[in-house]
Structures are given as structure tokens and as C-alpha cells.
Amino acid sequence: MENGKTILIVGGTSGIGRATAGLAAARGYNVVIAGRSEQKAQEVIDENALKGYPIQFISTDIANGKQVQDLVSQVVHMHGRLDYACNSAALDEGLGIRLADVEEEDYDHQMGVNLKGIWLCMKYQIRQMLQQGSGSIVNISSINGLGGAEGASIYSAAKSGILALTKSAAQEYATEGIRVNALCAGAFRTPMLEGVFTKTNAADPSAVEEMYKSVIPMHRIGTPSEAAEAILWLLSEQASYVTGHSMIVDGGFSSSMR
Ligand SMILES: NC(=O)c1ccc[n+]([C@@H]2O[C@H](COP(=O)([O-])OP(=O)(O)OC[C@H]3O[C@@H](n4cnc5c(N)ncnc54)[C@H](OP(=O)(O)O)[C@@H]3O)[C@@H](O)[C@H]2O)c1
């Protein structure tokens, strides 16, 4: 039973992070979400308040180290400790642009959030967990991080980097009560994926969705709550002997390549 544990969900204002926040709140965790959008955060807070589940929000841009440090300090100030952290924040800007056409400032911007931002989150979360002598982190990567993807070289590089950070940290802190795992997400119905459908074919996004479904063995897009279930299991004490793992949750999409 996880009742009373404190969980921080970075990127909890939308999509997979939002679903994870809702599920954790329903299970009795103290839930703090972080992101940049006050408006999206308020929607999450209101939606869960209607069900009787309180959720707190701390406005944070994970590209900014001082803000990430303050985020963890504020969570500890509110709840006394940080048991679990899910780092789900990312942006998908630049998709569809081939590697040689990516501008240097766009590379820095994408990597600043998608890789450096996740490292900053881990850095300050782990510092707190070391003081406590326990903690568990799940970073959200992607099946793109297991290989590469046409038109998504920088995004894929960041997602591969997250897997390396996850495995390295898992080894470094394994004897100090801290577990670090990753989720390699396939296609989940979130604002990010809906945006990919539209960007790929603005005239007919549903045609892109059908193409996605046709190559997924289950022939459907995952629901954010299906990702949330896996995330909360990896974080929980039920996964007490699991660390350094990259759990693939993708409806079987990548199984033929493994
Ligand atoms: N959906 C999929 O099919 C899919 C597939 C593979 C991997 N993933 C991965 O799953 C994770 C969640 O994606 P999603 O689909 O749920 O996307 P989403 O709905 O777009 O949510 C992304 C989250 O990231 C936050 N974020 C973005 N930039 C940030 C920044 N600089 N600082 C703080 N927070 C920031 C956003 O919050 P604000 O807007 O409030 O800042 C939002 O909460 C991501 O890591 C994504 O790469 C998703």
C-alpha cells in the first residue's frame, strides 16, 4: 500500500504525466506535479479535486537548474521527503526535420529540455533521496530511444541519453536504497501524439493514426492510464528488486526487432 508516500511528477500537467498524477492521487499518494503551464495544471487540480483527490502544482521549467533545485526543495518543504519521482516532461519540437537541417540553437533547445532537463531532475531528486536513504525514480524515454527514427534524430538522441542516465544512476546508487528505471513508451493518446498526427498530415490526421495502428500488433493506440500503471509499478515497493531497467510498453510494436 503506497498511501501517504510523496510522488513528484515532472510533466504532470499533460498526457502520460497527468494520468500518472490522477492514478497516484486515487491510490492515496501525496501528489505534486510540475510543468510550466499554470492553466494546464489547474485543469489537473480541478479534475482530481472533483473526485476528492488533492494535487499540488509547482511551476517549473526543467531547462533551468535553479528552478529544478527549488522544485525539489519545495516538495520536501511541503511533505518532508520525496519517495518517488517520475520525469515525464519533454517537448517534441523539430520532428520531421532531417539531421543536417537542424539548426544549432534548436538542437540546444531540444536537448536542454529533453536530456539536460531530465538529468537536472535526477540530480536534485537523487541528492534528496540520498539524505533519506531511499527513493525510486522512473524516467520516461521512448521506443525511439532504442534505435533511431527518420525525422526525429535529436529527439531520439535525447531519449537514448535518458536510458544511459537511467542505467548509470541505477548502478551508482544501487547500494544506497535508490532505484532508477525507465519506461520506453510506444504510441499513447496524448496532446503530444495528437500533435504529431496533425503535424504529419494537417489535412487528415486520422490517416496518420490509422498508419500507426496498422504497424502496432495490438492495432490500437495506448491510453495514458496504461502507461501510468506501468510507471507506478516500477516506482513502487512491488518492484523492489528492479533497477536499471528499460520497460517497453508499446502494444508489441518493437517486439519484432528485439
Ligand atoms: N505520447 C506518446 O505517444 C509518447 C511516445 C513515446 C514517448 N513519450 C514520452 O512520454 C513523455 C510524456 O509525453 P506526453 O505524450 O504525455 O506529452 P505531453 O502531453 O505533451 O506532455 C508533456 C509534458 O512535458 C511538460 N514540459 C515540456 N517542456 C517542459 C519544460 N521545459 N519544463 C517543465 N515541463 C515541461 C509539459 O508541461 P507544460 O506544458 O506545463 O510545461 C507536459 O506536462 C515524454 O517524455 C514523451 O517524450 C510519449
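Residues numbered from 1 in each chain as written. Predicted model: local features only at pLDDT ≥ 70, side-chain atom pairs only at ≥ 80, totals over all residues. Heavy atoms only, no water.

## Some words on the packing of helix H3 (residues 65–79) against helix H5 (residues 116–132)
- Taken N-terminus to C-terminus, the directions of H3 and H5 make an angle of 35 degrees; their axes are 9 Å apart at the nearest point. Considering only the axes of H3 and H5, their crossing is right-handed. Along its contact with H3, which presents Gly-65, Val-68, Gln-69, Val-72 and Val-76, the element H5 presents Leu-120, Cys-121, Tyr-124, Gln-125 and Gln-128.
- In terms of residue class, the contact of H3 with H5 is made up of six nonpolar, four polar and no charged. (Axes fitted to C-alpha atoms, helices over the stretch in contact; angles between N-to-C directions. Helix = DSSP H or I, 4+ residues; strand = E, 2+ residues; numbered from the N terminus. Left-handed = near helix turned anticlockwise from the far one by under 90°. Contact = heavy atoms within 4.5 Å. Nonpolar A, V, L, I, M, F, W, Y, C, P; charged D, E, K, R; others polar.)

## Topic: unusual backbone geometry
- We note that His-219 has phi near 55 degrees; this positive angle belongs to a residue other than glycine.
- Mapping His-219 onto the fold places it in the loop between helix H8 (205–215) and helix H9 (224–235).
- Here His-219 falls in the exposed class, since its relative accessible area comes to 54%. (Buried < 20%, exposed > 50% of the residue type's maximum accessible area, 1.4 Å probe, protein only.)

## Concerning the state of the cysteines
- In the structure shown here, the tally under the stated rule is zero disulfides.
- You can see Cys-121 has no disulfide; the closest cysteine sulfur is in Cys-86, sitting 10 Å from it. (Disulfide = S-S within 2.5 Å.)

## Structural notes on the sheet that holds strand E3 (residues 55–59)
- On the basis of which strands lie adjacent, the open sheet formed by seven strands has the order E3-E2-E1-E4-E5-E6-E7 and parallel pairing. Each edge of the sheet is formed by a strand with only one pairing partner; in this case those strands are E3 and strand E7 (246–249). Taken pair by pair, the neighbouring strands of this sheet meet at an average axis angle of 20 degrees, ignoring direction.
- Two elements, strand E6 (residues 178–185) and E7, share four bridges in a ladder whose sense is parallel. Considered in E7, the bridge of Ala-182 is made with Ser-246.
- The sheet contacts of H3 involve strand E1 (6–10), strand E2 (30–35) and E3, and relative to E3 the element is tilted by about 150 degrees. (Pairing = 2+ DSSP bridges.)

## Brief notes about the pattern of salt bridges
- Taken as a whole and assessed by the stated rule, the structure comprises 11 salt bridges.
- Residues Glu-43 and Arg-18 are paired through a salt bridge, measuring 3.4 Å at the closest nitrogen-oxygen approach. Highlighted residues: Glu-43 in helix H2 (residues 38–50) and Arg-18 in helix H1 (residues 15–26), separated in sequence by 25 residues.
- Judged by its relative accessible area of 37%, Glu-43 falls in the partly exposed class.
- The class for Arg-18 is partly exposed, based on a relative accessible area of 22%.
- Ionic pairing is found between Lys-199 and Asp-92, a salt bridge with its closest N-O pair at 3.3 Å. Separated by 107 residues along the polypeptide, Lys-199 in helix H7 (residues 191–200) and Asp-92 in the loop between strand E4 (84–87) and helix H4 (104–114) bring together distant segments of the chain.
- Salt bridges sharing partners connect three or more residues here, namely Arg-189, Glu-194, Glu-209, Glu-210 and Lys-213. (Salt bridge = Lys/Arg side-chain N within 4 Å of Asp/Glu carboxyl O.)

## Quick notes on the domain arrangement of the protein chain
- If you check the domain split of the protein chain, you get domain 1 (6–186 + 223–249) and domain 2 (187–221).
- Averaged C-alpha coordinates put domain 1 and domain 2 at centres separated by 23 Å.
- Taken together, the contact pairs 15 residues of domain 1 with 10 residues of domain 2.
- Taken together, both faces of the contact between domain 1 and domain 2 bury some 950 Å²; the carbon and sulfur share is 61%.
- The largest share of the area that domain 1 buries against domain 2 comes from Asp-92, Gly-186 and Thr-223, three residues that together contribute 41% of it.
- Taken together, domain 1 and domain 2 are joined by two salt bridges.
- The tally of links from domain 1 across to domain 2 stands at two residue pairs in polar contact (both at pLDDT 80 or more).
- When residues of the side of domain 1 that touches domain 2 are traced back to their parent elements, those giving at least two are H1 and H9.
- In terms of residue count, the dominant contributor to the side of domain 1 that touches domain 2 is H9 (three residues).
- Considering only residue class, the side of domain 1 that touches domain 2 consists of nine nonpolar, four polar and two charged. (Domains from an automatic or database assignment. Buried area = accessible area lost by both parts, 1.4 Å probe. Polar contact = N/O pair within 3.5 Å; in protein donor to acceptor, adjacent residues only side chain to side chain.)

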